[in-house]
Each structure stands twice: as C-alpha cells, then as structure tokens.
Amino acid sequence: MSRWSCPFNVFRIHAIATCNDTRGVVLPLALFTLMLLGALVATLLSVGAMESQISANLLRGTQAFDLAEAGAERAIAQFVANPSTVGNAVLGGPTATLFTAQALSGLPTALQNPGTYTVTWQPVGPATVLIKSTGQSAAGKGNDKQTVQVVVTVPPGLPPYAILADNVQMSGSATVSGALGSVQGNTNGSITGTAHVSQTATSASATCTGCTDAARVGTLAGSGPNKPVQTLPTLSALDYKQYADYILQDDGTITDGKTGALLATCGLKPGCTTGPFAGWYQNKPTTEPGNWHYNATVAGLAAGTTPPDGTYYSSWELSIDS
C-alpha cells in the first residue's frame with residue numbers, strides 16, 4: 001500500500017499547483033482595458049464633432065431666421081409708408097416680389113455678409129397683405145433657409161388738415177369744424193364773409209386773409225401766413241373702399257361692403273325702382289360704368305327721399321338728387 005501512496009500524493013500536489021497558476025492573465029486583461037479606453041475615446045471624439053456640427057447648424061439657422069425677420073420688418077415699414085400700395089392691390093392677385101436676395105447694410109465689419117433675404121407679398125383681404133420673407137444664411141454651404149410669414153393690414157393715413165390745397169378760399173357761411181378743422185393753402189389762404197374754421201388757418205405765402213381773425217378762426221395760435229409748404233398726399237379712392245357700407249359695382253349691382261353679398265341689381269336708368277336702393281341707377285354705363293346717380297323721382301318716390309344711410313363707394317363718380 002505504501003508503494004502507491006507517494007505517486008498519488010505527488011499527482012495531487014501537481015494538480016493543485018496547475019489550477020492556481022495565473023501566469024499569462026495580465027496580457028488579455030490589459031488588451032481588453034485598452035479596447036475599452038479606445039472605444040471611450042472614440043465616442044468622446046464623435047460626440048465632440050457632433051456638438052460642433054450642432055452648434056454650426058444652430059448658428060446658420062439663427063442667422064437665416066434673423067434675416068427673414070429683417071426682410072419682413074422692412075416690408076411692413078414700406079407698406080406703412082405707402083398705404084395706397086396695399087389699398088390698390090387687387091384681391092386674389094398674383095404674388096409679387098418686393099426684395100430679391102437683399103443683403104443687410106450698415107453692419108460692423110465683423111458681421112458683414114451674414115446672408116440675404118427675399119420677400120414676396122400677396123393681397124389676401126381689404127387693405128390686407130400676406131408677407132412671406134425667406135432668409136438664407138451665407139455660412140457653410142449657404143443652403144440654410146428660414147421663412148417668416150406675416151399678415152398685415154394697413155389702414156390709409158389721414159392728413160392733419162381738413163382742407164389742404166394750393167389755394168384755399170372760404171367765403172359766405174362755409175364752416176370747417178371738428179378735430180381736423182384746419183386749412184392750409186400752399187400758395188394763398190383766404191377766409192371772408194361769415195366763414196369759420198374751428199382749428200388753425202395757415203398759408204405758405206406772405207398773405208393769409210382772415211387767418212388771424214378770432215371771428216373766423218377758432219385757434220389763432222399757429223395760424224397765419226409764412227408757414228412751410230405741406231406735401232399734398234397722393235390718395236386713391238381704393239384706400240377707403242374697405243370702409244364702405246355699400247359698393248356700387250361697375251356691372252350695375254350693389255353689394256355689401258363688408259360681406260360682398262348682393263343687395264340689389266339696378267343697372268341703367270330708371271335702375272332700382274323698388275326696395276331699399278330704389279332711386280339708384282348707372283348714369284353712363286358705356287363710357288363710365290362706375291358713374292352712379294341717385295334720383296328719388298325717377299324711381300317714382302316722393303321728392304326729398306334719400307338713400308339708406310351709410311358710406312357708398314364707386315369706381316368713378318357719385319351724384320345724388322333727392
């Protein structure tokens with residue numbers, strides 16, 4: 001028995017020594033660690049590159065949006081300064097270009113050439129336009145665009161004078177009253193008889209007859225001669241079409257100024273003979289289709305009958321005989 005015990009013990013010791021041998025383990029662990037570190041570094045570099053790209057995209061997008069806003073603001077300012085442009089526009093008309101690839105001006109050197117904007121507009125309602133401004137950044141490949149759309153309504157501006165003309169002559173018992181009861185003659189001004197102006201009366205010449213007479217002028221301060229010449233505004237009847245209650249159309253019909261609904265069909269004389277618009281007819285439909293006339297007796301109404309109260313609009317001329 002003792003002869004076999006020694007080899008068995010030797011074998012057992014050798015087996016135990018073999019199981020506890022860790023030689024060669026460090027190298028795989030080191031390689032695995034290096035792989036993890038490499039992957040981490042690559043990820044960090046990729047994230048850094050993405051952050052840079054995101055920042056660049058944000059910059060170009062912001063530039064394009066700011067350019068679009070600048071174009072829209074400039075268009076609004078132009079329409080406010082020239083309200084007749086909006087008032088004369090045909091509803092449903094084609095889109096018009098206001099600015100094309102317009103660059104900003106007056107910028108510091110460091111901010112030069114951020115990009116351009118293009119602005120178009122289209123009438124969408126009475127004295128109302130849709131402004132579409134597209135900004136394009138010059139950074140990168142120049143393909144970054146942003147668009148701003150604005151709906152603008154521009155009511156016509158009113159001059160600060162009830163009467164403004166080259167020559168103003170008031171006589172008899174004429175009266176100009178109200179908050180805009182002011183008159184200005186760019187050449188001469190004259191108020192005689194019992195005529196009266198509730199506010200100021202001025203002229204650009206050295207003579208302004210009656211302008212400093214308290215019996216004829218309500219506000220003497222600021223009245224008198226030698227005043228600056230005032231620019232005569234260029235106005236169009238279309239500037240006020242949006243305020244009309246009734247529109248006398250060129251085709252002989254009368255429509256509601258707010259809804260466009262058909263109210264009456266009158267046409268040639270005697271025109272409308274019944275209904276609320278009896279007495280209205282087209283005066284010169286061939287040469288002046290927008291020339292309308294009101295005459296109560298033509299429609300068989302009693303003399304002195306007047307048309308419905310309200311504001312009327314025609315493209316040519318209106319006359320009323322009651």
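Since the model is a prediction, treat every value here as computed from it, not as a measurement.

*Asks:* Can you walk me through the confidence of the model for the chain in this structure?
*Replies:* In low-pLDDT segments, the atomic positions of the prediction should not be examined closely. Averaged over all residues, the pLDDT of the chain equals 81, while 83% of them reach at least 70. Contacts of residues 1–6 to residues separated by more than four positions or lying in other chains number 0 contacts, the stretch itself having pLDDT below 50.

*Asks:* How do you make sense of the side chain of S198 when you look at a structure like this?
*Replies:* Note on placement: S198 falls in the loop between strand 8 (196–197) and strand 9 (201–203). With residues near it in sequence (within four places) discarded, S198 still touches V176, S177, G178, G181, G218 and T219.

*Asks:* Before we go on, may I ask you to explain the sheet that holds strand 1 (residues 96–103) in this structure?
*Replies:* Pairing between the strands of a sheet comes from backbone hydrogen bonds, and it takes one of two forms, parallel or antiparallel. Reading across the sheet, the 4 strands line up as 1-2-3-4 and stay open at both edges, with antiparallel pairing between neighbours. Of all strands in the sheet, those with a lone pairing partner are strand 1 and strand 4 (145–153), marking the two edges. With direction set aside, neighbouring strand axes in the sheet form an average angle of 15 degrees. Of the pairings in the sheet, the one linking strand 3 (residues 128–137) to strand 4 comprises 9 bridges and is antiparallel in character. What sits directly across from T134, in strand 4, is T147.

*Asks:* What is the right way to look at the environment of P114 in this model?
*Replies:* When you line up the elements, P114 lands in the loop between strand 1 and strand 2 (115–125). For P114, a relative accessible area of 15% translates into the label buried. Residues P114 and Q63, spaced 51 residues apart in sequence, show a C-alpha to C-alpha distance of 6.7 Å.

*Asks:* Teacher, can you tell me more about the state of the cysteines here?
*Replies:* By definition, a disulfide links the sulfur atoms of two cysteines through a covalent bond. All chains considered together, the criterion is met by 2 disulfides. Across the disulfide from C208 sits C211; the S-S distance is 1.7 Å. Taking the torsion about the S-S bond as the criterion, the C208 to C211 disulfide, at about -55 degrees, is left-handed. Neither residue differs from the other here; C208 and C211 are each classed as buried. With a sulfur-sulfur separation of 1.9 Å, C266 is cross-linked through a disulfide to C272. Residues C266 and C272 are joined through a disulfide that is left-handed, its torsion about the S-S bond being -90 degrees. In this structure, C266 and C272 share a single accessibility class: buried. In the chain, numbering the disulfide-bonded cysteines from first to last in sequence yields the connectivity 1-2, 3-4.

Cut-offs applied
- Residues numbered from 1 in each chain as written.
- Predicted model: local features only at pLDDT ≥ 70, side-chain atom pairs only at ≥ 80, totals over all residues.
- Heavy atoms only, no water.
- pLDDT = per-residue confidence, 0-100.
- Contact = heavy atoms within 4.5 Å.
- Helix = DSSP H or I, 4+ residues; strand = E, 2+ residues; numbered from the N terminus.
- Pairing = 2+ DSSP bridges.
- Axes fitted to C-alpha atoms, helices over the stretch in contact; angles between N-to-C directions.
- Buried < 20%, exposed > 50% of the residue type's maximum accessible area, 1.4 Å probe, protein only.
- Disulfide = S-S within 2.5 Å.

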